[in-house]
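Read off the chains here:
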Amino acid sequence: MDRYLSCPLCQYYFKDPVILPCGHSVCLKCGLRVQKSIATASPSLRSKRASLPSLHHGDNNPVTRSKSVDLMVTSIVCPVCVKKNLLGDRGVHGLARNGMFETLIDKLKNQKINQISGCQLCEKTPPTRATLYCEQCQIAYCDNCCAVCHPKRGPLADHTLTPTTKPHHQTNQQKQNCYCAHHPNQLINMFCSTCAVLICCKCLEAGGHSSHDTRSLDVVCKKQKSNTQANLNILKGNVGDLQRFIEELTDCYQQYEITNLDLEATVAAQFDLLINQLQKKKDKMLSDISNQQREQLENLSLQNNSYKQKLEEASILVNFIDECLKTNDSASYIQVADNLNSKINDALAIWKDEIVYEAAVEPPLDVVLDSKACQKAVSELCFIQKSVPIQPEIIADECHMSNNNLTVCWRPPKNCQVEGYILELMEDGQTKYKEIYRGKECKYTAKDLHFDTTYNARVRAYNKAGISEQSIEICQGTTPKVMHFLVDDALGHPDIKLSNDNTTISCTNNQDRVVLGGVGVSRGVHYWEVCIDRYVGDPDPAVGVAYLDTNRDSMLGRDTKSWSMYVDSSRSWFKHDNVHTNRCEGGISIGSVIGVLLDMDRGLLRFYIDKEPHGPVAFKGLSGTIYPAFSLNNKVQMSVRTGLSVPSSYLISTK
C-alpha cells in the first residue's frame, strides 16, 4: 500500500496532501515547490482562471484579489499524468486537502510504530527502547542514537520524527473539515453535479447554483462508494481468479519438474541399456575376431613346425646321400645303392603325400562392420506419446446448423499431447458413425447434408499412442425440411452476374451461360421456382439440375452432367446430353414462373409453369449429389425462390 500513499515528487509518505484538479495528489510543500505563475494577458484565460474552484481548510486567510494578481495565474504540471493544471488565486494553498490519505497514512504509521520495540541502531543486547521513528528513513531510534545518527540539521532537517510512545494521529473531525474558498467560515456540505464542485450553503443562497443539480455530500459519497465497491468487487473477483490460476501454475510448474525428472531418468536408463547392448555386441564381435585369429595362428604354427621337421630330416638325408656319392669304393656303393634309392623314394613319397605348398589357414577376413542400419535406427530415435489423449469436449453453444451445413466446435483436452482430431457423423436411425474429418483444427463444418434429417456428431483426439474415447457430449442437429439455397457465383460462368443477395441472375453475353445453386442434394423431395423478370426477343432460358463438373459455357443440358427444360415464348423441350425430347406447347413471358421439382428418393425430375405441371416426368434415374442449375443469355433476367413446399398435386400422385 506504500506505493499509493507516497508523493510522486518526494517519494515519501504524503505530508499535508492536496488534490490536483486532475485527481492526483501531492504534498503541500512539494506542490508549492513546483507550481508556476504565468501572465493572464488574454481575456479568455482570465475568465477561465476566474471560474477555477478554490478550496482551503479553515486557516481563515481572506481571499484577496488585486490588479496585480488578476494579471497572473498559477499552474502546476501533474507528475503522474503530466497534465497542466491551472489553479485559483491561492495556487496550491487553495487546493482541497486529501484527508482520506492522511487518515490512511496515520493508520499505517501507527501499525508500523506498534510493531517496533527497540532501537534499530543500538549495539546493545537487548537494544534500548525506541522513542522516535523517522518517516523518511523508516528507522526507529532511541534518544541517544537519534542525537548521534539523526541530527535535526543539514539534509535531515526536513525529516519527520514521530514519537513511538504517542502514536501520531489527528482526529477525524480535523481531517474531514473542509472550508469553502468563497466563504472561508463555512464548511462544505453539498455537491453541485452540474458544475462538479463542492459548495457550501451560502454558495447556494447566493444564487450561483440555485438552478443546478445539488445534492448532499453523504448522498453523493454513498453513490460513489457504491460504484467503487461494485468495481472493487469485480477487481477482487479478478484477483481471486488470478490467485487461483497462479496456484495452478505453481502446481503445473512442480508437476513439470517432477515429470521432467522422471522423463530424464527414464531416457537415461533407456540409453544406458542401448549402450550396454552395443558394448556386449562389440565385445562378442571382437572376441569372435580374436578366437578366429588364434585358431588360424595355431594352425600356421603346427604346419610350420611340421614342415621344419620334415625339412630337417630331408636335409640330413640329402647330405648323407651326397657323401655316399663322393665315395671311390665302387663295390661298396653298389651294395648300398638300392638302399639309398629306397630312402630317396620314401622321402619323395612323403613329400608328395604330406607337403602342400599352401598355408593351412583360411584367407584373412575381407569384411567391414555393417552399422548403417544401427546408425539409422539411432538417428531416428524420438519420443512417442506414452498415453492416449483424453477425449475432447464439444462446445454446445458454438455448434449450429445453417441450412444443411452442420458446424461442430470442440475444446482441446487439457494436460495431454494431441496430434489431431477425428470428427464422426451419424444420421438418426443408423447404427454406425462415419468419419468425415481428420485434422488439427477444433472446428469443422459438414456441408451438403441431407434435408429433414437429424445428425449426431462426436469427436475424438489421437496421438502416436492411440485414439481417445469419443466426446462425452454428442452434438445433435436437424436440417430444414425444405431446401434453401443461394445461387453461387463461384459455381457459375464469369459472364453470369448476381444481385439482390444472389437471388437475381443475369448475363452479360449473348450466348447461354450456366450457374449452379450453392447446395447439393442426394435424397428427399425438393421444389424451387424462378420468376422471369426480363424477357427480350424470343430467347430460351433453361432451368434444371446438374453435377458440379457440368459445362458452364453453353446451354444447360448439352452434356451428360446436366438435365434441363429450355423454353421460349411458345413451347419447351427437355434436354440432356444434347438430346431434345418431349416438345410441349406453352411458353413464357415477363412474370412467368417456372417450377422445378426434384425427387431424389425416386430419382425423378419434372417441371411446372405458373404452378401447373408442364409435360410429363422429364427425367428418371437421377442419383448422386445434384445441384440446382440455370442457363441464360443477356436477353433474360430471372429471380430464384427457394425453400418452397412441394406442390400438393405431386404429393397426392405419389401416394
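Since the model is a prediction, treat every value here as computed from it, not as a measurement.

The next subject is the packing of aromatic side chains. As enumerated under the stated definition, the model contains 10 aromatic pairs in all. When the ring of Trp410 is compared with that of Tyr437, the centres are 6.4 Å apart and the planes differ by 50 degrees; the resulting orientation is tilted. Placement of the pair is Trp410 in strand β16 (residues 405–411) and Tyr437 in strand β18 (residues 434–439), with a sequence separation of 27 residues. With a relative accessible area of 13%, Tyr437 lands in the buried category. Centre to centre, the rings of Tyr437 and Tyr444 are 4.6 Å apart; their planes meet at 25 degrees, and the pair counts as stacked. Within the aromatic cluster, the residues linked to one another by ring pairs are Trp410, Tyr421, Tyr437 and Tyr444.

Looking now at the pairing of strand β26 (residues 513–517). By the criterion of burial, β26 is predominantly enclosed, with 5 of the 5 residues buried. In terms of strand pairing, β26 meets strand β35 (residues 627–632) through 4 bridges, oriented antiparallel. In the sheet register, Val515 faces β35, and the bridge partner there is Phe630.

This part is about the pairing of strand β25 (residues 504–507). Side-chain alternation along β25 places Thr504 and Ser506 on one buried face and Ile505 and Cys507 on a second face that is also buried. Relative to β25, strand β24 (residues 496–499) runs antiparallel, the two sharing 4 bridges. In the sheet register, Leu498 faces β25, and the bridge partner there is Ile505. Between β24 and β25, which follow one another and run antiparallel, lie 4 residues, and Asn500 among them has a positive phi close to 50 degrees.

Once that is clear, we can look at the environment of Tyr608. Summarising the element assignment, Tyr608 is placed in strand β33 (residues 604–609). Between the C-alpha atom of Tyr608 and that of Leu217, which follows or precedes it by 391 residues, the distance is 80 Å. When residues no more than four places from it in sequence are discounted, the contact partners of Tyr608 are Tyr527, Val593, Ile594, Gly595, Leu597, Pro613, His614, Pro647, Ser649 and Tyr650.

Here the focus is the confidence of the model for the protein. With 92% of its residues at a pLDDT of 70 or more, the protein shows a mean pLDDT of 85. Counting interchain partners and residues more than four positions distant, the pLDDT-below-50 stretch residues 48–70 has 52 contacts. Of the regions scoring below 50 in pLDDT, residues 168–175 engages in 14 contacts with residues more than four places distant in sequence or in other chains.

Further remarks concern the nonpolar core. Among the nonpolar cores identified, the biggest contains 37 residues, and Ile505, Leu598, Leu605, Phe607, Leu622 and Phe630 are the most heavily contacted of them. For this core, the secondary structure elements donating two or more residues are β25, β27 (525–535), β28 (542–546), β29 (562–567), β32 (593–599), β33, β35 and β36 (636–641). When residues of this core are assigned to their parent elements, the largest contribution, 4 residues, is made by β27. When sequence neighbours within four positions are dropped, the list of residues in contact with Leu622 reads Val545, Trp563, Leu598, Met600, Gly603 and Leu605. Residues Val18, Leu20, Cys27 and Leu95 belong to the second largest nonpolar core, which totals 18 residues.

Here we take up the environment of Asn509. Within the element layout of this structure, Asn509 appears in the loop between β25 and β26. With 124 residues separating them along the chain, Asn509 and Asn633 place their C-alpha atoms 5.8 Å apart. Among the polar contacts made by the side chain of Asn509, one reaches the main-chain amide nitrogen of Gln511 at a distance of 2.8 Å.

What follows covers the pattern of salt bridges. Note that side chains of opposite charge can pair when their charged atoms are close. Evaluation of the coordinates by the stated rule reveals 18 salt bridges. The partner of Arg215 in a salt bridge is Asp213, and the shortest N-O contact between them spans 3.4 Å. One salt bridge connects Lys464 with Glu419, and the closest N-O pair in it is separated by 2.9 Å. Taken together, the residues Lys464 in the loop between β20 (454–463) and β21 (466–467) and Glu419 in the loop between β16 and β17 (420–427) connect sequence positions 45 residues apart.

Attention now goes to the sheet that holds β26. The sheet built from 7 strands is open, its strands ordered β23-β26-β35-β28-β29-β30-β31 with antiparallel pairing. Looking at strand neighbours, the two that pair on one side only are β23 (487–492) and β31 (579–585), the edges of this open sheet. The sheet shows a mean angle of 25 degrees between the axes of neighbouring strands, direction not considered. Relative to β29, β28 runs antiparallel, the two being bridged by 5 bridges. Counterpart to Ala542 in the pairing with β29 is Tyr566.

Conventions used here
Residues numbered from 1 in each chain as written. Predicted model: local features only at pLDDT ≥ 70, side-chain atom pairs only at ≥ 80, totals over all residues. Heavy atoms only, no water. Phe/Tyr/Trp six-rings, centres within 6.5 Å; stacked < 30°, edge-to-face > 60°. Helix = DSSP H or I, 4+ residues; strand = E, 2+ residues; numbered from the N terminus. Buried < 20%, exposed > 50% of the residue type's maximum accessible area, 1.4 Å probe, protein only. Pairing = 2+ DSSP bridges. Contact = heavy atoms within 4.5 Å. pLDDT = per-residue confidence, 0-100. Core = buried A, V, L, I, M, F, W, Y, C linked by side-chain atoms within 4.5 Å. Polar contact = N/O pair within 3.5 Å; in protein donor to acceptor, adjacent residues only side chain to side chain. Salt bridge = Lys/Arg side-chain N within 4 Å of Asp/Glu carboxyl O. Axes fitted to C-alpha atoms, helices over the stretch in contact; angles between N-to-C directions.

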